[in-house]
Amino acid sequence: MPSERELRRRVRSIKNIQQVTRAMQLVAASKMRRAQAAVLASRPYEERLRTILNELAPYADPETSPLLARREVRRVGIVLVTTDRGLVGPMNVNLIRATLRFAQQQPAASFVAVGRKGINQLRRLRAPVTAEFPGIPDRPSSTDTNVIARVAVEEFVTGKVDELYLAFTRFVNTLRQEPTIRRLLPFVPEEEDRDDQPVLQYIFEPDPETVLNEVIPRLIEVAVFQTILESKASAFSAQMVAMRNATDAAGDLIDDLTLSANKARQSRITKEMLEIASGAEALGKG
Amino acid sequence: MITPERKVYEEDVDMVVAPATEGYVGILPHHAPLFTTLGPGEFKVKRGGVEEVLAVFGGFMDVRSDRVVVLTDAAEHAEEIDASRAQQARDRAQEVLAAGPASAADEQRARAELQRALVRLRVSEGRRRRR
């Protein structure tokens, strides 16, 4: 059993750690609230744009819209969105594992890595990485993310990859974030309830081609932006939870150690008392 | 009317006038399905005899017989616009254009900036006039 002094010293050092984790928890909590608000606010926009594109898709001609072109899949591109820093619990590990498993099922895969964690991991594995984007700001603007979209679209349009996927951690709620892999390109309209809905006779201005050639790239940009927002909200939520757990664990540890220290103190006092008592007894007898 | 940041406007309205890229279009109830790209401009909404004006900057409009959905990169209510800032932006852009911009990209940026500033000014002035 460690000495009483040793125990007290450990309690002090754990208290310091607890202060740090509590501070990080509070910082993460405030960033989390902002990031969650941002992701929830932008979801309707993305969903609406997706619905619209679904409705417009029958008017599209894959010949003139290269982003709709379906090809035989020889190589897929994966945009892997991780965090720059750790301390987010198992979030990055889970996502990278899911992504690699997915990549293995494909004939061949290359990556666009967003976030230092993913960049480092892919480098270690010597995976083919076409572009790296470290240091996306905590409150990203679409300017920050459009670069990523542009690179990804370029890969697809030039035929370097035949399908393009987004791998990110979808924000469900503060306690739940899900590794998600979603196809971005080619854009294929969802088939659901297509038959019972009559295709509307849309008037296009200026014309269907121009309109679609604006809507599709826009959707791609928005989808990438949304992905980054999802990841940010997930990261801060995971970080907040991880730091709260650490703070709680430190508290438990402090309680345990304080109890041990008190026990050690008590047994020391008892021992001293015994020694004094037996000493006095010995004197009295003599 | 939705932007990536928020829902800007959602009401039952009698008529909208939107800045389509090909010119302003007015939409009344039971309009034929129409899909159009929007340019920067004034987006007018009439509701019970009252007209409201918003500034929109690009995007798309999806018209059905009973609803109009606008997806735009940015949109502002008249009262949200800071007229003095828009004025400064206009002056700055005009200076750049007058001085001869360094590159084609610069010129384009200044022109876009100028256009946005002008839309903001028109929308916010329109509000003051009506009051």
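Residues numbered from 1 in each chain as written. Chains lettered and ligands numbered in written order. Predicted model: local features only at pLDDT ≥ 70, side-chain atom pairs only at ≥ 80, totals over all residues. Heavy atoms only, no water.

**Notes on the overall build of chain A**
Each helix and strand in chain A was counted, giving 5 helices and 6 strands. In chain A, the order of α-helices and β-strands from amino to carboxyl end is α-β-α-β-α-β-α-β-β-β-α. At 29 Å, chain A has a C-alpha radius of gyration far larger than the 19 Å of a compact globule built from 286 residues. Principal axes of the C-alpha set define a box for chain A whose edges measure 115 × 35 × 35 Å. A burial count over chain A gives 43% of its 286 residues as buried. The contacts in chain A between residues at least 6 apart in sequence include a share of 76% that link residues at least 24 apart. (Helix = DSSP H or I, 4+ residues; strand = E, 2+ residues; numbered from the N terminus. Rg over C-alpha atoms; globule rule 2.2 N^0.38 Å. Buried < 20%, exposed > 50% of the residue type's maximum accessible area, 1.4 Å probe, protein only. Contact = heavy atoms within 4.5 Å.)

**Observations regarding the nonpolar core**
Membership of the largest hydrophobic core comes to 44 residues, with the highest contact counts inside it found for Leu56 of chain A together with Phe35 of chain B. Residue contributions to this core peak at 10 residues, all from helix H5 (residues 208–285) of chain A. What phenylalanine 35 of chain B contacts, discounting residues up to four positions off in sequence, is Ile52, Leu56, Tyr202, Ile203, Phe204, Glu205, Val211 and Val215 of chain A together with Phe60, Met61 and Asp62 of chain B. (Core = buried A, V, L, I, M, F, W, Y, C linked by side-chain atoms within 4.5 Å.)

**Some points on the domain arrangement of chain A**
Residue and element names in this part refer to chain A. The assigned domain composition of chain A is domain 1 (21–189 + 197–241) and domain 2 (242–285). Each of domain 1 and domain 2 was reduced to a C-alpha centroid, and the two centroids are 56 Å apart. On the domain 2 side, the residues contacting the 12 residues of domain 1 number 6 residues. Across the interface of domain 1 and domain 2, roughly 750 Å² is buried in total on both sides, 59% from carbon and sulfur atoms. Sorting the residues of domain 1 by area buried against domain 2 places Thr21, Gln25 and Val241 first, and these three jointly supply 57% of that buried surface. The interface formed by domain 1 and domain 2 includes 0 salt bridges. (Domains from an automatic or database assignment. Buried area = accessible area lost by both parts, 1.4 Å probe. Salt bridge = Lys/Arg side-chain N within 4 Å of Asp/Glu carboxyl O.)

**Observations regarding the sheet that holds strand E5 (residues 176–185) of chain A**
Residue and element names in this part refer to chain A. Spatially, E3-E2-E1-E4-E5 is the arrangement adopted by the 5 strands of the open sheet, whose pairing is mixed. Both edges of this open sheet fall to strand E3 (129–133) and E5, since each of them pairs with a single strand only. When the angles between neighbouring strand axes are averaged without regard to direction, this sheet yields 20°. Relative to strand E4 (residues 163–173), strand E1 (residues 76–81) runs parallel, the two being bridged by 5 bridges. Looking at the pairing, isoleucine 78 lines up with tyrosine 165 of E4. (Pairing = 2+ DSSP bridges. Axes fitted to C-alpha atoms, helices over the stretch in contact; angles between N-to-C directions.)

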